[in-house]
Amino acid sequence: MAKKKSDYFGLDWIVSLILAIIPFTSWICGAITRFQEGKIVAGLIRLVFGFNIVWIVDLVMMIMNKSIWRLLNV
C-alpha cells in the first residue's frame, strides 16, 4: 500500500509539517499549492493573509488532518 502524501507538493507528511512550522515557507508553499490546484482566489487570499491567522490554522490542520486549511474551494 502506498504512503499517503501530504499537501505541499506531494511531500511526506513530516516534511510538510516542517515546512508548515516555518511561517515564510508555509506562506509560500500554501499559496503555490492552491495555485497548482487551480484555485486562484484561494491562492491570492493566502498571499495577502498568509502571515497571520491562516498560518496558525494551517499549522493546527497539518498536525491534526495532515492537510492544509481549505476555506475556499473556488
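As shown above, the structure is provided for reference.
Residues numbered from 1 in each chain as written. Predicted model: local features only at pLDDT ≥ 70, side-chain atom pairs only at ≥ 80, totals over all residues. Heavy atoms only, no water.

Asker: Which residues make up the packing of aromatic side chains, and what values do they have?
Answerer: Within the structure shown, the criterion is met by 1 aromatic pair. Taking the centre distance of 5.7 Å and the plane angle of 55 degrees together, the rings of F24 and W27 count as tilted. Placement of the pair is F24 and W27 together in helix 2 (residues 23-36), with a separation of 3 residues, close to one helical turn. Stacked on the ring of W13, the Lys or Arg K66 has its end atom at 5.1 Å from the ring centre. (Phe/Tyr/Trp six-rings, centres within 6.5 Å; stacked < 30°, edge-to-face > 60°. Helix = DSSP H or I, 4+ residues; strand = E, 2+ residues; numbered from the N terminus. Lys NZ or Arg CZ within 6 Å of the ring centre and 35° of its normal.)

Asker: If you had to explain the environment of D58 to someone new, which residues and values would you point to?
Answerer: Residue placement: D58 occurs in helix 4 (residues 53-65). D58 gets classed as buried once you look at its relative accessible area, which sits at 1%. Considering only alpha carbons, one finds D58 and R70, 12 residues apart in sequence, at a separation of 8.9 Å. Every residue in contact with D58, bar those within four places of it in the chain, is listed here: Y8, S26, R46, I68 and W69. At 2.5 Å, the side chain of D58 forms a polar contact with the side chain of R46. (Buried < 20%, exposed > 50% of the residue type's maximum accessible area, 1.4 Å probe, protein only. Contact = heavy atoms within 4.5 Å. Polar contact = N/O pair within 3.5 Å; in protein donor to acceptor, adjacent residues only side chain to side chain.)

Asker: Describe in detail helix 1 (residues 13-21), supporting the description with residues and values.
Answerer: Along helix 1, the residues that are buried comprise S16, L17, L19 and A20. For helix 1, the buried positions fall inside an angular range of 165 degrees around the axis, keeping them on one side. (Arc of directions from axis to C-beta.)

Asker: If you had to explain the side chain of S26 to someone new, which residues and values would you point to?
Answerer: Considering the arrangement of structural elements, one finds S26 in helix 2. If we skip the residues at most four places from it in the chain, S26 touches Y8, L19, A20, W55 and D58.

Asker: Go over the layout of surface pockets, please, and point to the residues and values.
Answerer: By volume, the largest pocket amounts to about 150 Å³. Every residue along the wall of the largest pocket is listed here: R34, A42, I45, R46, F49, V54, W69, R70, L71 and L72. With 4 residues, the single largest contributor to the lining of the largest pocket is helix 3 (residues 40-49). Among the residues forming the lining of the largest pocket, the class breakdown is 7 nonpolar, no polar and 3 charged. (1 Å grid on protein atoms, 1.4 Å probe; cavity = no way out; pocket = protein on both sides within 12 Å on 5 of 7 lines; lining within 4 Å. Points joined across faces, edges and corners; volume = space filled by probe spheres on them. Nonpolar A, V, L, I, M, F, W, Y, C, P; charged D, E, K, R; others polar.)

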